[in-house]
Each structure stands twice: as structure tokens, then as C-alpha cells.
Amino acid sequence: MSELKKYQMYINGLWVDAEGGKTFESMNPSTGESWALIPEASANDVDCAVKAAHKAFTSGPWSTMLPTERGELLHRVGEILVKHSEALGEVESIDTGKLLKETRWQASYISKYYKYYAGLADKVQGATLPIDKPNMFAMTIREPLGVVAAIVPWNSQLFLTALKVAPALATGNTVVLKASEHASAPMLEFAKIFEEAGVPPGVVNIVTGFGDPCGKALSSHPLIDRISFTGGGETARQIIHNAASNFAEVSTELGGKSPMIIFEDANIDNAINGILLSIFSASGQSCVAGSRLLIHEKIYDEVLQRVAKRVAEIRIGDPFDDDSQMGPLATRAQVANIENSVAKSIEMGGRLVCGGRRPPQFDNDSLYYEPTIIECPDMTIEVAHKEMFGPVVSVLKFRDEQEAIEIANDTNYGLASGVFTTDIGRGIRMSQAIRAGIVWVNTYRAVSPMAPFGGFKHSGHGRESGLEAVYDYTREKTVWINTSVEPIDDPFRMQ
Ligand code: NAD
């Protein structure tokens, strides 16, 4: 085995080891081998990071920097990101097994988020209020919240981080970011971009480690004003509980079981591409994965057959090979979960159409899993209602629009959805009826810094991206000014 690459955390503008030099190994899912040593932050390490962020917020250069200057710095972060997108993508692919063509594109695309919020940095303003009292002037001032804890999962970390860090910094907050223990290296590489851009020490701090103690210490720290969390529902519950002790604001972006609905009038060629894109890109390890495929009964057999044919042609392979179309899963636990759920779903009455196993051409120790289709008679089958976070799609049949809506909404989740139809009225009716934060009509996975992103129900609350995010990282202060030259009235007379 080659020597492990050793990483350090980024706290207060310095590269530091964890307390006591504690580390853990990070694995390359396409080989199953450890490749990097990551600092394992203790509660004390987290405390140092939060205190550095608090100091930068209250008394560092960040606290007096003009919004326009903050915008210029963020713009520089965006420029540097593009320059390093290839290198960042490579590290992310090693650490997560995601295809290099996806990670390098994503690393470059997220520069747009930093530039979008850079442009908004000096456009966040308060208001004067048409108040109902004579001789009184009232206004609101929009101020940053303080120290933001950003906690992210392993998949698409650079992208998910941009949704939090860009608006938080644009509006004058400071940040402590906790990377996922499953893929910390890309985030530590990413810290170098802030350093190169000249972001002052303490403004962005990146800690690495496990949920407990690192994430727990961060989410329960009394100097944290806002927690922006992306990850699983169970973790969100713990974070909300931790935050409650300090009344920190919390937003959550959680899992999904998103329906992909194909109507009988759809352009079938487009729909099939949409289906493959929705569930098999990133090996299905995506919060918005279209993991429930709903097909109208009239076209059910044709669509299922054509999807299965295309799935059989998917090239599974090395994330660094441009010809690969699907890489491995990120963790062994994830492979085991999927294997259990697929077996259980078949026992429950699901019919395996294809996949359902580790591809025989790979080493048994690798984390590859075949793209899998399971026909489900109804939503009681495990793969039809449980988030798989892998390349497994459950297929259900529907008779009409009403039944499609009922099946689509028959879930605790509500993150995303896809509708394929050539009837514009139907597209609009479905967009109104589906209880999810995103509806993609005749497309899937489109994201943009300008478009809000977030879920309904157990998929979380709060929205990221879009103009509104700047309000999310600020709060209003109301200022009342008495303009009268007269003495203040008798305090016991009501007016
Ligand atoms: P996870 O919830 O296990 O971990 C997410 C982060 O929380 C990690 O950094 C982890 O260390 C940290 N954490 C764990 N316990 C903690 C605690 N007690 N206090 C504070 N932090 C703690 O999620 P995961 O398995 O890494 O990611 C997969 C999940 O994320 C899926 O459910 C997926 O749908 C979801 N996800 C959602 C979105 C979205 O935008 N809605 C995007 C990507 C992933």
C-alpha cells in the first residue's frame, strides 16, 4: 500500500492537526483502500474554530469590511475555483468514487454560486417604514447573524457547501464548516482557495471528524447563531435538539424519495434519458434521485423494456475513465444497506427486472453495485418507500392523473419530482399538486444559483440558493427615532 496523504484542518487561517494528533483514514471506494489521513477533531478543536469565527465576526477585519469588498473577495473565490476545478474534482473522485467528469464540472460550476452572491453582497438593504405615529421615523437594518455552522454530507460536498457558504459570507457572517467523515479531503483542499483569495483568518474554518464529538460539539456550541445542515433525517433530529439549547436557527436539507412520472403523452425518448439521468447519475447517491418511477399503464411495458435495455448498456467503471458512466458507491455500509433492502423487497413481492448484485467483473472488495430496477405492486415494498441512496429504482404503474398524484404524494419525503408530458396544462396541474420543493417538467436535475432549492415534509425546511438566501443569513433590526422637538408626553397617557 502506498503512503497515506496527510491532511490538516483549517482553523483561524492556520493549518492544524487535531488535538493529540488524532487522525482517521479515508478510503478510495474504487479500490477499497485507504489513501489519506484526516484529522479527527475533538470538542476542543471545534471550540477553537468557533471562537476564531466569533472573533473574526466581532472584531476582525471582516466586521468592518465594506459589503462591496466582501463581494470582490467572493468573486475572487469563484475565479480561483475555476482555476483549480480539475484538481479539486480529482480529489473528490478519489475520496467519493464519483466520476471525474462530474466532479470537475461541479467544481467549476459552483464558481457561479460564489459570483452570484458576490454580486448581491452590496445589495442587501433595509427599509424605511410608513409608520402610523406622528413625529416618528422608523427603519429596518439588515444585519448578519454571526457564526454559521455549515454541516454537510459526503456527496457533492463542494456544491452543497457553496449553497451555504456563499450567501453566508456575502452577508457578513463567518463560518465553521464540518466536512463529512466519508470524504473530508476535498473540503480541506477547498480551504486553500479561501487562503489564496485572501479571505481573512477565522472567516472560514474547516473542521473534520465524526458526528460525535465533532458535529455534536459544533451544533451545540453556544457561540453558533445559525446551523445550516444537509444530510439524513435522523442526524437532523439530533442537530435540532442540540441547537435548541442555544436557540440557534436551523435549516435542514434532507433526503428524498422523488417520483419520476411518465404520462402516456410523453416524448418517450426524452423520458427515457430523463429517467436514466434522474436515478443513475452519481450512482443514485443523490438527494434528488428519481428513485420512484411511475409509468402510465398504456406505455408501461414499452417504457420499462426500453429503460431496462439502456440500463444493461451502462458502463460501470473507474471514476477516472471518461468512458465510465457509473462509479462505485461511497461506503461499505451503503452497499450492505442496499443489498439488504433489495433482498427484502424481492421477498415482499417486488420483481427484480435487472441488476440487484455487485458486478461480477469487479473485485469482491470493491464497492460497485449494478444499476437495479424493481417492479413494485404498491408502495408497501421497501424499495418503493425507503430512501436507497444508490442505483436502485422502484417502478409503479398508474391509471390516470389522480392516481399518479396519490402515489407521488404517498411518502413522508417531498424534495423533488419529475413529470414527463407534452400537455402543458397537465404539466402545470401536476406542478401544483405534487407536494415537493422542486418539480421538473420534461427535464430533471436542473439547478442554478438563481433557483431556490429545498424540501417539504421530512425532506427538510428552509430554502437554499436564489435571492432569498441572503435574507436567510441576515436578520432585521428595527430602529425607532423620535423626530419631535417637543418633550416626551406623559408616560401614563395612552395614545
Ligand atoms: P449524515 O446525516 O449521516 O451526515 C451528514 C453530516 O452530519 C456529516 O458531516 C456527519 O458527520 C454529520 N453528523 C452526524 N451526526 C451528527 C451530530 N450528532 N451532530 C452534528 N453533525 C452530525 O448524512 P450522509 O449519510 O453523509 O448523507 C446522506 C444523506 O444526506 C441522505 O439522506 C441524502 O438524501 C441527504 N442529502 C440531502 C441533500 C439535500 O440538499 N436535501 C443533499 C445531499 C444529501
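Residues numbered from 1 in each chain as written. Predicted model: local features only at pLDDT ≥ 70, side-chain atom pairs only at ≥ 80, totals over all residues. Heavy atoms only, no water.

S.K.: Go over the domain arrangement of the chain with me, naming the residues and quoting the values.
M.R.: The domain boundaries assigned to the chain delineate domain 1 (5–253 + 465–478) and domain 2 (259–441). Averaged C-alpha coordinates put domain 1 and domain 2 at centres separated by 32 Å. Contact residues are listed per partner, giving 19 residues for domain 1 and 21 residues for domain 2. Our count for the domain 1 to domain 2 interface comes out at zero salt bridges. (Domains from an automatic or database assignment. Contact = heavy atoms within 4.5 Å. Salt bridge = Lys/Arg side-chain N within 4 Å of Asp/Glu carboxyl O.)

S.K.: I'd like a rundown of the sheet that holds strand β14 (residues 292–296), residues and numbers included.
M.R.: Spatial strand order, β15-β16-β17-β14-β13-β18-β19: seven strands in an open sheet with mixed pairing. Unpaired on one side and paired on the other, β15 (351–354) and β19 (440–441) mark the two borders of the sheet. With three bridges joining them, strand β13 (residues 259–262) and strand β18 (residues 418–420) adopt parallel strand pairing. The partner of I262 across the bridge, within β18, is F420. Contacts from helix α12 (residues 300–312) reach β14, β15, β16 (372–375) and β17 (392–398), with the element oriented near 160° to β16. (Pairing = 2+ DSSP bridges. Helix = DSSP H or I, 4+ residues; strand = E, 2+ residues; numbered from the N terminus. Axes fitted to C-alpha atoms, helices over the stretch in contact; angles between N-to-C directions.)

S.K.: Tell me what's going on with unusual backbone geometry, and back it up with residues and numbers.
M.R.: Of the consecutive residues D212 and P213, the connecting peptide bond is found in the cis state with omega at 15°. In the Ramachandran plot, F247 falls in the positive-phi region, its phi being about 55° despite a non-glycine side chain. Within the element layout of this structure, F247 appears in the loop between α10 (233–244) and β12 (249–253). Of note, the phi angle at R445 is positive, near 70°, even though the residue is not glycine. Relative to the helices and strands, R445 resides in the loop between β19 and α17 (469–472). Taking relative accessible area as the criterion, R445 reaches 21% and is therefore assigned partly exposed. (Buried < 20%, exposed > 50% of the residue type's maximum accessible area, 1.4 Å probe, protein only.)

S.K.: An account of the sheet that holds strand β6 (residues 128–129) is needed here, citing residue identities and associated values.
M.R.: As summarised here, the arrangement of the three strands in space is β6-β7-β20, forming an open sheet in which the pairing is antiparallel. Two strands lie at the open edges of the sheet, namely β6 and β20 (474–482), each paired on one side alone. By the bridge criterion, nine bridges tie strand β7 (residues 136–144) to β20 in an arrangement that is antiparallel. Bridge assignment links M139 to a residue of β20, and that residue is V479.

S.K.: Please give an account of the pairing of β12 that cites residues and values.
M.R.: Taking burial as the measure, the five residues of β12 include four buried ones, the bulk of the element. In this sheet, β12 lies alongside strand β11 (residues 226–230) in parallel orientation, the contact comprising five bridges. Looking at β12, one finds that R226 is bridged to E249.

S.K.: Break down the packing of helix α4 (residues 85–96) against helix α5 (residues 100–109) for me, with residues and values.
M.R.: Any two packed helices are characterised by how steeply their axes cross, that is the angle between the axes, and by the distance between the axes. Remark: α4 packs on α5, axes separated minimally by 8 Å, with the N-to-C direction vectors making an angle of 135°. If you check the angle between α4 and α5, you find them oblique. Our pair here, α4 against α5, has a crossing hand that is right-handed. Contact residues: S85, E86, L88, G89, E90, E92 and S93 in α4; L100, T103, R104, A107 and S108 in α5. A breakdown of the residues in the contact of α4 with α5 according to their chemical character gives three nonpolar, five polar and four charged. (Parallel < 35°, antiparallel > 145°, perpendicular 65-115°, else oblique. Left-handed = near helix turned anticlockwise from the far one by under 90°. Nonpolar A, V, L, I, M, F, W, Y, C, P; charged D, E, K, R; others polar.)

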